[in-house]
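Listed below are the residues making up each chain.
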Amino acid sequence: MQDFPQKTFFNKPIPKAKFYEKLPVTQAVKNCFVNEIAGIVWRNKLSAETLNVQPGSRVQELEVIEISLKGEALNDSVLKVIDKGIPYQLLFLLKRGEEYQLCMGYKETETSAVKEYFKTAWMTFEALPLQITGLTLDEVYDNFIRQIHGSLQINVNTDLKTELAESKEQEKLQKRIAQLEKKLLTEKQLKKQMAIRAELQELKNHEKHE
C-alpha cells in the first residue's frame, strides 16, 4: 500500500477512555478497550481537498483511525463503538507488532450503524491491498470497501449497497450448498438422498445464473 498524501496526515492521539466513558457501553466492551488496545491515533483526514478529488454526496470526509493492539485481535464491538463515536465514515488501520490489517464497515451516511466489517489478512504495511481510485470522495470510499472486501469489482456502475447485498446472498447460497453436500455424505435413506440432490441441483443452477 502506498501511504496517503502528506497533507492528509492528522496524527492526533485519542484517549480510548473517551469512548467507553462518554458512550453507553457494556462492561464487556469496556474491558475490550482496556485489555485489547494499546493506543488510538486519528491518523489521516481524507477529503476532496486533501486527495484532489471532487466532493462526495454521501461522504464529506473519510477518517483513518490507527489502532495499536496489545494482543492478536480486536473485538468488532469496539470498532462499532468508535464508529458510533466519530460521525464520519471510517477506515481502520489495525497494527499488531510489525503487521497491519485494514478494516472497514459500510456506512451509507456518516451516522449510519455498521452491521458488518470487512477485513484484509494481516500483512506488512507495503503489502496492504489499497489504492486511491475514483473521481469523487464517494467513489474513493466505495472502492476502499471493494478492495478490502476482496470479492467485489472495482469501479463498476452498480451501487455498492446493492453489490454488498448480492454478495451476502451469494455467501448464504454457497454456505447452504456446502451444508447439503456434507449432509449427503452421511444420509443413508435413498428418498432423503434424492431430496437433497434435488435441492442441491436447484441451488447450483441458481448460483450459475447469479
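Use the structure listed above.
Computed from a predicted model, the values in this text were never measured in an experiment. (Residues numbered from 1 in each chain as written. Predicted model: local features only at pLDDT ≥ 70, side-chain atom pairs only at ≥ 80, totals over all residues. Heavy atoms only, no water.)

## So, the pattern of salt bridges
As a working rule, side chains carrying opposite charge can pair if their charged atoms are close by. Quick note on the threshold: Any carboxyl oxygen of Asp or Glu that lies within 4 Å of a side-chain nitrogen of Lys or Arg is treated as forming a salt bridge with it. Labels follow the DSSP assignment, with helices taken as runs of H or I lasting at least four residues and strands as runs of E lasting at least two, numbered in each case from the N terminus. Working definition: with a 1.4 Å probe on protein chains only, accessible area under 20% of the residue-type maximum means buried, over 50% means exposed, and in between means partly exposed.
Summed over all chains, the structure comprises 10 salt bridges. Where Glu66 meets Arg43, a salt bridge forms, and the shortest distance between an N and an O atom there is 3.1 Å. One end of the pair, Glu66, is in strand S3 (residues 62-69); the other, Arg43, is in strand S2 (residues 37-46), with 23 residues separating them in the sequence. The pair Glu66 / Arg43 is uniform in exposure class, with both members buried. Linking Asp142 and Arg58 is a salt bridge whose minimum nitrogen-to-oxygen distance equals 2.7 Å. In this pair, Asp142 sits in helix H5 (residues 137-149) while Arg58 sits in the loop between helix H3 (48-51) and S3, placing the two residues 84 residues apart along the sequence. The partly exposed category is assigned to Arg58, whose relative accessible area is 24%. What emerges from the salt-bridge pattern is a single network uniting Asp3, Arg43 and Glu66.

## Details of the state of the cysteines
Two cysteines whose sulfur atoms are joined by a covalent bond form what is called a disulfide. For clarity, the cut-off: Cysteine sulfur atoms are paired as a disulfide whenever they come within 2.5 Å of each other.
With the rule as written, the count across this model stands at zero disulfides. Among the cysteines around Cys32, which has no disulfide bond, Cys103 carries the closest sulfur, lying 14 Å off. Residue Cys103 is classed as buried on the basis of its relative accessible area, which comes to 0%.

## Digging into the side chain of Gln89
What counts is decided by this rule: By the criterion applied in these results, polar contacts are pairs of N or O atoms within 3.5 Å in which, for protein atoms, one can donate a hydrogen and the other can accept it, and in which residues neighboring in sequence qualify only through two side-chain atoms. Contacts are assigned to residue pairs that have any heavy atoms within 4.5 Å of one another.
Its location among the elements puts Gln89 in strand S4 (residues 89-96). A residue is classified by how much of its surface remains accessible, and Gln89, at 0% relative accessible area, is buried. A polar contact of 3.3 Å, which involves the side chain of Gln89, links it to the backbone oxygen of Arg58. At 3.4 Å, the side chain of Gln89 forms a polar contact with the backbone oxygen of Lys107. Residue contacts for Gln89: discarding those within four places in its chain leaves Arg58, Val59, Glu61, Leu62, Glu63, Lys107, Glu108, Thr109, Glu110 and Tyr141.

## Regarding the environment of Asn31
Tracing the backbone through its elements, the reader meets Asn31 in helix H2 (residues 27-36). Here Asn31 falls in the partly exposed class, since its relative accessible area comes to 33%. Residues Asn31 and Glu181, spaced 150 residues apart in sequence, show a C-alpha to C-alpha distance of 41 Å.

## Quick notes on the packing of aromatic side chains
Which entries qualify depends on this criterion: Paired rings are identified among Phe, Tyr and Trp, the last through its six-membered ring, by centres lying within 6.5 Å, and are further divided according to the angle between planes into stacked (under 30 degrees), edge-to-face (over 60) and tilted (the rest). The rule is short: NZ of Lys or CZ of Arg within 6 Å of the ring centre and within 35 degrees of the ring normal puts a charge over the ring.
A full pass over the atoms with the stated rule returns seven aromatic pairs. On the basis of an interplanar angle of 65° and a centroid distance of 6.2 Å, the ring pair of Phe92 and Tyr117 is categorised as edge-to-face. Pair noted here: Phe92 is in strand S4 and Tyr117 is in strand S6 (residues 117-119), with a separation of 25 residues, a long-range link. Exposure remark for Phe92: the relative accessible area of 0% places this residue in the buried category. Ring-pair connections join several aromatic residues into one group, and the members of that group are Phe19, Tyr20 and Phe33. In this structure, Lys45 is placed above the aromatic ring of Phe10, and the distance from its NZ or CZ to the ring centre is 4.7 Å. The ring of Trp122 carries the charged tip of Arg96 above its face, separated from the ring centre by 4.1 Å.

## Observations concerning the side chain of Gln193
Inspection of the secondary structure assignment puts Gln193 in helix H7 (residues 190-208). In terms of polar contacts, Gln193 uses its side chain to reach the backbone carbonyl oxygen of Glu187, at 2.7 Å. Discounting chain neighbours no more than four positions away, the residues touching Gln193 are Leu184, Glu187 and Lys188.

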